Amino acid sequence: MRDLRHIASLLCLGLLGIQLGGVARGAEAPQPVTLFESGLATLDIGRRQVPVGYSLSAIGPVFTLHSVVVQLGGELKLGPLYQAHELIVGETKYVFGPGSAAVTVENEILPLSQPPIPAEDGLKVPLDLFEIIYGEKMGYDFQWDPSTRTLTVQRQPQRLVPVSIDLVHLQGVTTVVLQFPFRPRYRINRAANIVEVELIGDRLSPEMVKSLPTDPLVRDIKLGQQELRLVLAQEAEAEDYVLQDPFRLVFDVYRKRPTAATPTVDPSPPTRSSEVRTIVIDPGHGGSDTGAIGPSGVQEKDLTLTLARALRARLAEKMPVRVILTRNEDAELPLETRTALANQQKADLFISLHLNSVQSPSANGAETYFSSLEATDESAAQAAEAENLVAASGDDGDALYDLQLILWDLAQSQFLAQSQQLAKLVQSELNEALGLNNRGVKQAPFRVLIGASMPAVLVECGFVSNPDEEKALLDPAYRSQLINALVRAVMRYRAAVMGSEALVDEALP
Amino acid sequence: MNQRTAGVFLAVILLIALGIIILWWTQRDGPAAPGQIAAPEVPRLEGDDALADFYFPGNGGRLFVEQRALPASETLEERLSSLLEAFLLGPEAQNLYPAFPPEVSLGHAMVTDEGVAHIDLTITGQNANLPWGSKQEMLAVYGLVDTVLLNLPEIQGVILLRNGEQRSTFGGHLDTTRLLLANQDLLAERTP
């Protein structure tokens, strides 16, 4: 039966050829979109008025990307029809593509209201993509008037942005918090030992800044009208992230660690190889989806984000890898988008971090999952029967989605052994480092793993429903051990893939 | 009361106390160890009742069986609905847990000619985003699926809907876009 399915899949591939060419290489096949109308709109940029292609989907309007980029600037690299598109504006690179309602901005992933739609005159994208690219980074406002079919682009009015600055040094890490009453438009520039937060179109209000203590890692903080500079010690580096409500831009500054393998990160997305060069870490849940809630009220979405950020920092310290988070703030992100983004970035590993819960407060320990539609011969037979049943009942659902599943199954089968290998290493390291109850390596059809075209695991780091484990997970020292265990597992996996065990023993945390 | 009678009386008291302690010891942790589940009292129902096995979450992240009688039903769909309604009410045993929160109720259940059960669960109230860990979701979904498939052999698989819609997951983890089959890996060993 499996052979038959594979033959059928290959036939489908052959028939659909170009249309799904990207899928075989990992990109998500876009769902067909119903467009209610298509035509030309007016792009109004001050004194210039130029035509721009637009279409209207059920979610909202989409506009021809190329026409807007020509007017507002940027270097657009058009991929084949269903592959990722790259747009470079200033020094920032944006990656997006059909079938994926999200855009990757450097190492951050932001959701879009709808996926870009391929059309004869090029890719059509939703308005919020322009707002992300040209609004926040360049200070433009976009207004769509459906009655006149006019997209107006204007410079945003200058605002006075009060900022308060706090600095604290704890356990070798200096944390600088810039707090704003609203999200300002800004970009972060880095040069040597300077990290600069540059406001776009707005001005900083200096009266809110108080005197700060001297610090071993942050030599000075200089405040201009439109920029704020952190002057770091020579041996220091800073990692930034965002917290919401109120909006805070946070920098964790720490000493660079000399390692055997000093990071020499290739900024361009790597090609798929036997190396591990790009890792996508997925903090489970987010936004209104809290995930599990512990007895003291701690929410899974917050803990997974904390763990993911720490894992990203530690992995980047230890290995020359590019590490990307699927979300770097408290935002809701569809499960399908998480793996689609990993595919888009041609990631070599996908690690989804979660915390478990059940009603019984005594359940404890970690477990690691990898996924397959066909876990065993028995379940393969069951799955085949199931497909026949559904087909016979006439409920064949979305044919394209079914095809995607088959294609994914084909693609994922080559990564099954590697996913299992990584899962075993993760489980073993967690058990050893934390003395957790070994719940073992398991398989389950978790949605977030379906669609990943690379070795992929889901790690349940402990039971947040267990009061003792919840308390431990709130302890930074315990989390540090947990992160070290995950880093060791990835290092061992990477060494195994590269055929060099020596790489691991030198640099294990 | 002579000395001999007092001794016998004391021995009886001690035996009763020992019995109470043993009873308390064996029941204090409920179904933690497989094989220790005491079958709950079967409710006495009028008519030709049928016994059904319900699979509910218990200690250790496993599903434990609770056997109950259900009133006999004329049709397969009636039996399915009555099975699901009883399942959603939760277990009678104190040491087992309801698979779904009280906000979840049965919307509709039907069976196709090919033996596929379409089960639509309705969620109302503040728990619309179920705050579940993956294990809790697996226990809920497979508790329901196993209860249906292991009691009604005419049904081959389950399609699970939420508020009338087949979603990518029911609670954020498990893929529910496909036909769900019984999962016996989660079952605790039954009482011999």
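Quick caveat: nothing in here was measured; it's all calculated off a predicted structure.

Q: Honestly, the overall build of chain B in this entry has me stumped. Any pointers?
A: Across its full length, chain B holds three helices and five strands. Taken from N to C terminus, the helices and strands of chain B fall in the order α-β-β-α-β-β-α-β. Counting contacts in chain B only where the partners sit at least 6 residues apart, residues at least 24 apart contribute 67% of the total.

Q: Just to check I follow, could you spell out the sheet that holds strand S2 (residues 48-57) of chain A for this structure?
A: Hydrogen bonds between backbone atoms are what pair the strands of a sheet, whose relative direction is either parallel or antiparallel. All names here are of chain A. Spatially, six strands are ordered S9-S3-S2-S1-S11-S10 in an open sheet, and the strand pairing comes out mixed. What marks the edges here is a single partner per strand, and that holds for strand S9 (124-126) and strand S10 (140-145). Sheet twist, expressed as the average angle between the axes of neighbouring strands with direction ignored, equals 35°. Two elements, S2 and strand S3 (residues 61-64), share three bridges in a ladder whose sense is antiparallel. Note on S3: the bridge partner recorded for Tyr 54 is Phe 63. With respect to the sheet, helix H3 (residues 65-72) is in contact with strand S1 (35-45), S2, S3, S9 and S10, its orientation differing from that of S2 by roughly 150°.

Q: For this particular structure, what's the right way to read the interface of chain B and chain A?
A: Interfaces are often described in size by the accessible area the parts lose on coming together. Residue-level contacts link 29 residues of chain B with 32 residues of chain A. Ranked by residue count, the leading element in the side of chain B that touches chain A is helix H3 (residues 134-151) of chain B, at five residues. Grouping the amino acids of the side of chain B that touches chain A by side-chain chemistry returns 10 nonpolar, 15 polar and four charged.

Q: Help me understand the confidence of the model for chain A in this model?
A: Any residue range with low pLDDT should be treated as having predicted coordinates unsuitable for detailed reading. All names here are of chain A. With 76% of its residues at a pLDDT of 70 or more, chain A has an overall mean of 78. Taken element by element, chain A is modelled with least confidence in helix H2 (residues 21-24), mean pLDDT 34, and with most confidence in strand S24 (residues 349-356), mean pLDDT 96. For the stretch residues 374-381, pLDDT sits under 50, and the model shows eight contacts to residues farther than four places along the chain or on other chains. Long-range and interchain partners of residues 393-400, a stretch whose pLDDT sits below 50, account for 11 contacts in this model, where long-range means more than four residues apart.

Q: Can you help me understand helix H11 (residues 476-498) of chain A in this one?
A: Note: α-helices contain 3.6 residues per turn, so residues at a spacing of three or four share the same orientation. All names here are of chain A. Look at H11: 32 Å from first C-alpha to last across 23 residues, which is about the 33 Å you get at 1.5 Å a residue. The complete set of buried residues in H11 reads Leu 482, Ile 483, Ala 485, Leu 486, Val 487, Arg 488, Ala 489, Val 490, Met 491, Arg 492, Tyr 493 and Arg 494. Where H11 terminates, the next one or two residues include Gly 499, which has phi positive at roughly 70°.

Q: Sorry if this is basic, but what is going on with the pairing of strand S21 (residues 248-255) of chain A here?
A: Successive residues of a regular strand alternate their side chains across the two faces of the sheet. Judged from the six bridges that link them, strand S14 (residues 173-179) of chain A and S21(A) form a sheet pairing that is antiparallel. Its bridge partner lying in S21(A), A:Thr174 is registered against A:Val253.

Q: Sorry, what's going on with unusual backbone geometry here?
A: Note on backbone geometry: most residues besides glycine have negative phi, and most peptide bonds are trans. Residues other than glycine seldom take positive phi values, yet A:Arg149 does so here, at roughly 50°. Position of A:Arg149 relative to the elements: it lies in the loop between S10 and strand S11 (150-155).

What counts and what doesn't
Residues numbered from 1 in each chain as written. Chains lettered and ligands numbered in written order. Predicted model: local features only at pLDDT ≥ 70, side-chain atom pairs only at ≥ 80, totals over all residues. Helix = DSSP H or I, 4+ residues; strand = E, 2+ residues; numbered from the N terminus. Contact = placed C-beta atoms within 7 Å. Pairing = 2+ DSSP bridges. Axes fitted to C-alpha atoms, helices over the stretch in contact; angles between N-to-C directions. Nonpolar A, V, L, I, M, F, W, Y, C, P; charged D, E, K, R; others polar. pLDDT = per-residue confidence, 0-100. Expected span 1.5 Å × (residues − 1). Buried ≥ 20, exposed ≤ 12 C-beta atoms within 10 Å, placed from the backbone.

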